[in-house]
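# Close look at the chain arrangement
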Amino acid sequence: MKKPIIAIAGLTACSGCQLTLLNCEEELPEIAQRFIIDYFPLGLTERLITGPIDVAIVEGAVSTPSDLEILMKLRNSSHSLVALGTCALWGGIAAMKNQESRKDLAETVYGSAADGLKTFNPQPLHRFVKIDFAITGCPPETGELLATLAALLRGTFPVFPHYPVCSECRSRENLCLLIERNEMCLGPLIQAGCNARCPAVGIGCEGCRGPVTEANVAAETELLLKKGFPMDEIVSRMQRFYPEWDYEQRS
Amino acid sequence: MSSVLEISPLTRVEGHGRIEVHFAGTKVETVSLSLYESPRFFEALLKGKSYAEVPEIICRVCSLCSTVHRICSLHAIERAMDIQVSEQVRLYRELILYGGHIQSHALHLFCLVLPDCFNVAGLAGLADKAPQELQRWLRIKSAGNLIQETVGGRTIHPVTLIPGGMGKPVAREGLLKLKEALQRVLPETHQAYELFRPFLPNGDKLATPRYLSVRPEGASPFLGDNLTMGNGETIPADSYMNLLCERMSGTGNAKTILVKNQPATVGALARLNLGMPLTPMAAAAFEESRMLLTDADIRANNLAQAVELILTVERSLDIIEILLKADFTREEPARIVPKKGRGSTAVEAPRGLLIHSYSFDGRGICRGADIITPTVINQAAMERDLLALATHMEGADDEALTDALERLVRAYDPCISCAVHVLKI
């Protein structure tokens, strides 16, 4: 079987999705053998994207001309493009204040030097190019990344669950933080696949995997309001990883 | 005739960086290091957020050091709100801090630096030429990650660490598993130290670093309320602004920092030179390599990190022993009544001194944030050393110069994601 040629790159992000790959300690030697890694600046001395590439795996949102240039180069030289992680798929943490003025945010941090920054609102990859597959999560789960790589060896993509974190949380028999402890848990709205990691250790779901399909956003918002959380707190929490919720949506 | 050698992007470092060497004929005129990471404006993102959200947001600044960012922010928040945490919480935080150092140093030494030692490009080359070393790396790194996962609930961006307390403590069986994994890799950390010992550069020495670190208090080498320098001077961490002066770099999205108008160096080598407390095996390794590590330039930082791998595994085992004896049960986090105030604290991150400073209003809403990262502190020294090395190497071909400059940058172990977020309030 021909070894798939892959490229791994990071745009506006924390490198955590790429680190997730390097955290697959047991599998890494085999990955290095079964794939040809053509471009991966974090782990490889190769500065040029030359292609042709079978699969480009891209972490991060797009927020600068240079991000866009790398993304375009990768799209143009790759057969498939995979959005890796919440920033690449939903905008992520850096996009949480996309409703505010980018210029004001820049000035808060850099003062008058902000003028020289070339930056625009962080956006997910699909606003600019076609993506063929996505792995969500901040950080992504190693299991989902490995399942994707394994599927690539067979020339396909895996199928991931399309149900909310609550489904996994209930099957682990965790205490329900939302109903039983009145905590702000976003589990009902968020894509499963993490096996409800946070509620399992007593911490409410912070929404790092982004919206599940058919999320009943309005019902969750009403429930949280009824429990006494102010709307601005709810919005602040929900927008942490995805700024574009439709608060009226009833699936 | 002037010309420019551009090295972009820097490879095998975290984040996006670029070096430009400007020549006049064959003479090196200037060397610039740009950290052109896409700006995410973290300090601006935090403004207006509740104190409870701050640690969960700020740990996303960087994945390699998410744990230490989270801990430093918790300390600063608790300082501002006047909260004391329990012994249990203190111990678990210390343990996961070591886990972060183990995984970060292991990643840097073996994935980013080791390919240079074997003259290969990356992982595939290591799998081919140094399979044993690669396996050893993976075992050490996975032990560090097991601490993160077991104590923090997740390997990257740990979830259990919250203001005033923590989520569920680790069950006895989890602690025993950790102990077993760490005991297994302890001898391997020593082998890692021996592996990196011979790879020190010979030839012209670069500037002797001016070190800066947290002054450790108690047995923990990475925690304390004061900062200390090579000249013996110490200042309280919360008056860091009197020590560090900031200038906006002309070439990237990061600001550079001078300490008393001089470039300062932070990180493992700084900590060892400023007398952090060591555990028995780490102390023996340091003693054996004292000359290599004390009369050195930054290129000894890789070896210093290897000594710290031993140290952090030994310290983790000590803490696990204490936790096993104490047999803690789950406790409620300290009750926090938000109050107006400011908290500034310092912690030693894998790459060196890290400072978080926040101010809150009476409702506990963040009104200002200032994050000073080790890479930002090191940048001025990196630029100084790059210029010196490029000048020493005048006449060398582009490939040799590129290779040497990249290796020098790697010795500093920059973390560029973190480095672009600095604000003076």
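Structure first, text after, so check above.
I will try to describe carefully the structure that is included in this document. Since we're looking at a predicted model, the values are computed, not measured.

### Overview of the sheet that holds strand β11 (residues 341-349) of chain B
Residue and element names in this part refer to chain B. Across the sheet, which stays open at both edges, the three strands sit in the order β11-β12-β13 with antiparallel pairing between neighbours. With one partner strand each, in any of the chains shown, β11 and β13 (366-372) form the two edges of the open sheet. Averaged over all pairs of adjacent strands, the angle between strand axes in this sheet comes to 10 degrees, irrespective of strand direction. Two elements, β11 and strand β12 (residues 352-360), share nine bridges in a ladder whose sense is antiparallel. When the bridges of β12 are listed, Gly343 appears paired with Tyr358. Helix α3 (residues 66-81) contacts β11 and β12 of the sheet and is inclined by roughly 150 degrees relative to β11. Across the sheet, helix α12 (residues 374-392) lies against β11, β12 and β13, angled at about 130 degrees from β12, the strand it touches most.

### Quick notes on the nonpolar core
Proteins that are soluble and globular tend to have nonpolar side chains buried together. Counting residues in hydrophobic clusters, the biggest one holds 192 residues, and the most contacted among them are Val58 of chain A together with Val307 and Val347 of chain B. Discounting residues that sit within four places of it in the chain, Val347 of chain B has contacts with Val68, Ile71, Cys72, His75, Val214, Phe222, Leu223 and Leu354 of chain B. In terms of nonpolar packing, the next biggest core, distinct from the first, is built from 20 residues, Cys166, Ile203 and Val212 of chain A together with Val159 of chain B among them.

### What to know about unusual backbone geometry
Cis peptide bonds are those with omega within 30 degrees of zero, and the linkage from Gly51 of chain A to Pro52 of chain A qualifies with -5 degrees. Omega for the bond connecting Ser8 of chain B with Pro9 of chain B falls within 30 degrees of zero, at -10 degrees, which places this linkage in the cis form. Among the secondary structure elements, Pro9 of chain B is positioned in the loop between β1 (2-7) and β2 (17-24). The backbone phi angle of Asp82 of chain B is positive, close to 60 degrees, even though this residue is not glycine. Within the element layout of this structure, Asp82 of chain B appears in the loop between α3 and α4 (87-117).

### Looking at the sheet that holds strand β1 (residues 5-10) of chain A
All names here are of chain A. One open sheet holds the five strands; their spatial order is β2-β1-β3-β4-β5, and the pairing between them is parallel. Looking at which strands have only one partner, the edges of the open sheet turn out to be β2 (36-39) and β5 (133-135). The mean inter-strand angle of the sheet, taken between neighbouring strand axes irrespective of direction, is 30 degrees. As judged from the three bridges shared by β1 and β2, these two strands associate in the parallel manner.

Parameters and conventions
- Residues numbered from 1 in each chain as written.
- Chains lettered and ligands numbered in written order.
- Predicted model: local features only at pLDDT ≥ 70, side-chain atom pairs only at ≥ 80, totals over all residues.
- Pairing = 2+ DSSP bridges.
- Helix = DSSP H or I, 4+ residues; strand = E, 2+ residues; numbered from the N terminus.
- Axes fitted to C-alpha atoms, helices over the stretch in contact; angles between N-to-C directions.
- Contact = placed C-beta atoms within 7 Å.
- Core = buried A, V, L, I, M, F, W, Y, C linked by C-beta atoms within 7 Å.
- Buried ≥ 20, exposed ≤ 12 C-beta atoms within 10 Å, placed from the backbone.

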